[in-house]
Amino acid sequence: MSSSSSLTPTGTSQTKNPISLRLYKVLSTNFDDLATREALGTLSDLYGATGCADSAVESHPGEYASKARRNLRRDMENKLAEGSHHFVKALGEVDLKLSELQAHIQAMHAACAEAEGQLQSTNEASKAVLERAGNLRDERQEVEDKKSIITLFLSKFTLSDDEVEAITSRDVPVGSTFFGAMDKTERIREDCRVLMAGEDGPTKAGLDIMSSTSTYLEQGYDKILRYLSNEFRSTSKDDPLFLQQEVSPVTRESVLRLKKRQELLTESLTLLSQTRQTSILSSFLTALTRGGPSGLPRPIELHAHDPLRYVGDMLAWVHQAIAAEREFLESLFGVKGDGRMVGSVRSFAPRKSGEEAGEGEEVEEWIQELMDLAVVKLCVPLKNRVLQTVRSQESSIVSYKVANLLQFYLVTMSRTVGPEAVLTRTLREITQLSYQVFETSIETQSRALLQIPLDPDDPSLTPPLFILDHAQVLREVMNVYQSSVLEDDVEIAAQDNGDDKPSDHDGVTPPFQKILDLAVDPIMESAIMKSEEKKKLRPRWDARVYVVNCLTYVQGVLEPFSAFTKKKQEGIQRVLEQRIREIVDEHFTNLLEEAGLLEVYITCKNPPTDEPLSHLPPTSPSALLSSLQTFSSWLSTPTLLHSPRLSHLTLQKLHDQIHREALKRIVKAYEKICEEVGKEGNRYEAGMTLVGSERPFGRVYLLRRVFGLEEEESGDEEEEGSEEEDDEDEETGEEDEEEGGGEDQDEEEEESDDDDDGDDEEEDEGGEGGGQATAPPAKPRPT
């Protein structure tokens, strides 16, 4: 307590001390605000410089600061007064300058007033002169307008001296200047027509202009005609085939302009066609005899020994000349590409009577006519040389190759220059004659086959050498036809083969069916006729197998070319089937005779009398037993699997087919014998025991198994069973009142169906005997 009380007076005395209060105030003052800092900055500027000087002579510290605090108001007022004096002095100078400026403005006002007065007096003095000058100015403008109108009229409706010279003078060449003058002349005439179509009718100036421009135009067109004539002559001499020289723009433009004068264009193009005829003919003869420049390419006639190359080179040269001519004419007439694919057919549809041709159609007609005329003289030597080559050929293959080559170029030229062009007609005539020469050659060779006899001492049954050689020629001809066949020829071949496709036969190429008839029919005729002649000389020689071998060989030659030989193959197949049926019949008879059942089968099938079979000698029990024993022994012989006679067939499939067909018939014959023996009317005692005493023990299915026919017969039975089931399904839909008698009727129908199936099997077997020679026999199908 005492200590705290003693301290209290001391703290109170400290708070009342002025120095402490001053210190607290100074220490607690915040100098961060902007106003305080600006005030301190002003005091620093005011007392900074003088304070430093006076502080050096202070008698005690703080003397200068105390003086400054005491004289602060006075110093501030003095500072303000000094600044005011400066402002007053500056404003005085400004006032002086403004006074001088006022004096200058007043002087300018006086000068302007004086000038305005002088101007008014001058205007009043020159008013008449100005009016006269204005009138003259208006008159001058009117004259200038008239002058410009006349100048424009003359420039629009008359030609300049340079333009007149360009049209009429021979010294100025045909070019852009000439064409510009022609264009202007045309425009003048067109504008003059409009000028003369007014209400007052044609004027004298218009008539004069039309007359003068007409004269200039005619002179210009004559100049174009002279230029084109000279150009066509010189170009044809320098480059006959236009292979190196292109048509100049000036020439192309000249031709386009001459279209307005058809008579002049016709005259120039007539000269061009005459020049082209001579040039192309000369070039063709040069290519034949001298060849190209420096001897390359070599002369075409050096290959005259090779007819195919000789004719091909000539036609190739003509085709190249036609292509170059076409390109030149298209460039000459300025025809742009029509987007036609290379080799595609051009349209040559004739224009209807009275129908006007368009510009493009008219140009195309000109091109076609010029191309046609250009090769007129060329056709004669071409035709003579080709016909001479064709007629001198002895080989029918070469003749056919040449004819096909001519046919190819005929189609190409027909699509290029049109079907009625001179070159196309010439090629059509040459092609027709070439095919006639080939047909005569192949017919002569074919007829020669009928004059060649077979060697009586030759036991072979294969086709002879002369048939092989002729078939080889036919194969090469078919190879040539197949390699050169066109789309139209495919349609013709399809039509010849019996298809319903349309065909556009050109009347030039003979149908290939005719060629097949000329080549194949004599082979068939020779094989049949010569085999019969040799059969008379050598009765043991197998003529039927020989004919079948020849026919199968020819059919094998035609088979790779079925696209256009289908009809002929069908004809050969029909003849072959007939021959195969004859061999099957003969082979069946031979096998049945070897087996010992021939007489028994004939007697069972066609009994000579009405007596029972057991009473007839061939079918008596003892004779029948002997025949069955022979048949049983025959079942163990190699003939059952392989026939020595049929081994001479060149086609193994035919061997198997004929042999199996004969075995099927033997099965039927054995079954027939068993049925007849089992009948009571034939009066055999224990007939089935008699038949069952020897193999195959009266069981037909065992005989089929021995012959290897069990699978085929089982397939037949399955199909027959399916037919019977179908018949039963149809019969179940009958009315109930007929059910009693329906069962008997069904049984009768089934029996009749079985009989029909048996007959159908026999017919199918007979048909299989004449089936395809190139395929194994298919499983028999019920009808």
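Only a predicted model underlies this, so the values are computations on that prediction, with no experimental measurement involved.

Draft legend 1. Layout of the overall build of the chain. For the chain, the count of helices and strands is 27 helices and 0 strands. In the chain, buried positions account for 37% of the 783 residues. In the chain, of all internal contacts separated by at least 6 residues, the share reaching a separation of at least 24 is 75%. Roughly 46,600 Å² of accessible area belongs to the chain as shown, and the carbon and sulfur atoms make up 53% of that amount.

Draft legend 2. Fine view of the confidence of the model for the chain. Overall, the predicted model of the chain reaches an average pLDDT of 78, with 79% of residues at or above 70. Model confidence for the chain, summarised as mean pLDDT per element, is weakest for helix H27 (residues 739-769) at 39 and strongest for helix H13 (residues 376-391) at 92. A low-confidence stretch, residues 728-783 stays under pLDDT 50, and its non-local contacts, those more than four residues away or across chains, total 66 contacts.

Draft legend 3. A look at a nonpolar patch on the surface. Among the surface-exposed residues, Phe-31, Leu-40, Leu-43, Leu-72 and Met-76 lie close enough to one another that they form a single nonpolar patch of about 400 Å² accessible area. Looking at the nonpolar patch, the elements with two or more residues in it are helix H3 (34-54) and helix H5 (72-157). On the secondary structure map, Leu-40 appears in helix H3. Among the residues examined, Leu-40 registers a relative accessible area of 42% and is labelled partly exposed.

Draft legend 4. Expanded view of the pattern of salt bridges. Going through the model one piece at a time under the given rule, you end up with 26 salt bridges. Ionic pairing is found between Glu-364 and Arg-326, a salt bridge with its closest N-O pair at 3.0 Å. Taken together, the residues span a long stretch of sequence, with Glu-364 in helix H12 (residues 359-374) and Arg-326 in helix H11 (residues 307-332) at a distance of 38 residues. On the basis of relative accessible area, Glu-364 is assigned to the partly exposed category, the value being 24%. Note on Arg-326: relative accessible area 5%, which makes it buried. Asp-521 is the salt-bridge partner of Lys-568, the closest N and O atoms lying 2.9 Å from each other. Pair noted here: Lys-568 is in helix H20 (residues 562-595) and Asp-521 is in helix H18 (residues 512-537), with a separation of 47 residues, a long-range link. Look at Lys-568 and you get buried, because its relative accessible area is 9%. Residue classification places Asp-521 among the partly exposed positions, given a relative accessible area of 31%.

Draft legend 5. Quick look at helix H19 (residues 543-558). Here H19 is 16 residues long and its end C-alpha atoms lie 23 Å apart, about the 22 Å a rise of 1.5 Å per residue gives. Most of H19 is tucked away: 13 of the 16 residues are buried.

Draft legend 6. Region of interest: the packing of aromatic side chains. Applying the stated criterion to the full structure yields 15 aromatic pairs. Ring centres of Tyr-400 and Phe-438 lie 4.6 Å apart, and the angle between their planes is 45 degrees; this geometry places the pair in the tilted category. A residue pair is termed long-range when its members are at least 10 positions apart, and Tyr-400 in helix H14 (residues 396-417) and Phe-438 in helix H15 (residues 422-449) qualify at 38 residues. Of the residues examined, Phe-438 reaches a relative accessible area of 0% and is grouped as buried. Grouped by ring-pair contacts, the aromatic residues Tyr-400, Tyr-435, Phe-438, Tyr-481, Phe-512, Phe-561 and Phe-564 constitute a single cluster.

Draft legend 7. Fine view of unusual backbone geometry. The omega angle of the peptide bond from Arg-695 to Pro-696 is 0 degrees, so this bond is cis rather than trans. Counting through the fold element by element, Pro-696 comes out in the loop between helix H24 (687-691) and helix H25 (700-707).

Draft legend 8. Representation of the packing of H18 against H19. Between H18 and H19, the shortest axis-to-axis distance is 9 Å and the interhelical angle comes to 165 degrees. The angle between the axes of H18 and H19 places the two elements in the roughly antiparallel class. Relative to H19, the crossing made by H18 is right-handed. Every residue of H19 that contacts H18 at Leu-516, Val-520, Ile-523, Met-524, Ala-527, Ile-528, Ser-531 and Lys-535 is listed here: Ala-543, Tyr-546, Val-547, Cys-550, Leu-551, Val-554 and Leu-558. Tallied by class, residues from the contact of H18 with H19 come to 13 nonpolar, 1 polar and 1 charged.

Draft legend 9. Molecular detail of a positive patch on the surface. A contiguous patch of positive charge on the surface is contributed by Arg-22, Lys-25, Arg-69 and Arg-70. For the positive patch, the secondary structure elements donating two or more residues are helix H2 (18-28) and helix H4 (63-70). Topologically, Lys-25 is positioned in helix H2.

Rules behind the numbers
Every chain's residues receive numbers from 1 upward, in the order its sequence appears when written. Note on the predicted model: pLDDT of at least 70 is required for a residue's local features to be given, and 80 or more for side-chain atom pairs to be given and counted; whole-chain, interface and lining totals, by contrast, use all residues. Only heavy atoms go into the side-chain values, all of them from the structure, while hydrogens and water stay out. The secondary structure listing takes helices from DSSP runs of H or I that are at least 4 residues long and strands from runs of E that are at least 2 residues long, numbered from the N terminus. The buried label goes to any residue with under 20% of its type's maximum accessible area, the exposed label to any with over 50%, and the partly exposed label to all in between, with areas taken from a 1.4 Å probe on protein chains only. Here a residue-residue contact requires only that any non-hydrogen atoms of the pair lie within 4.5 Å. Per-residue and other accessible areas were derived by the Shrake-Rupley procedure at a 1.4 Å probe size, with only the shown protein chains allowed to occlude residues. Confidence of the predictor in every single residue is expressed as pLDDT, which spans 0 to 100. For patches, a residue must show more than 30% relative accessible area and have no salt bridge; joins then use 9 Å for like charges and 5 Å for nonpolar side chains, namely Val, Leu, Ile, Met, Phe, Trp and Tyr. We count a salt bridge whenever a side-chain nitrogen from Lys or Arg sits within 4 Å of a carboxyl oxygen from Asp or Glu. Here a helix's expected span is defined as the number of its residues, less one, multiplied by 1.5 Å. Ring pairs shown here join Phe, Tyr and Trp side chains whose ring centres sit within 6.5 Å, with only the six-membered ring taken for Trp; geometry is labelled stacked below 30 degrees between planes, edge-to-face above 60, and tilted in between. Axis lines are fitted to C-alpha atoms, over the contacting stretch for helices. Their N-to-C directions set the angle, which ranges from 0 to 180 degrees. Comment on the angle field: the value is read as roughly parallel under 35 degrees, roughly antiparallel over 145, roughly perpendicular from 65 to 115, and oblique elsewhere. For a crossing to be left-handed, the near helix must be turned anticlockwise from the far one by less than a right angle; the clockwise case is right-handed. Each residue gets one label: Ala, Val, Leu, Ile, Met, Phe, Trp, Tyr, Cys and Pro are nonpolar, Asp, Glu, Lys and Arg are charged, and the others, such as Gly, are polar. Think of it this way: Lys and Arg go in the positive column, Asp and Glu in the negative one, and His and the chain ends go nowhere. Taken as the charge location is NZ of Lys, CZ of Arg, CG of Asp or CD of Glu.

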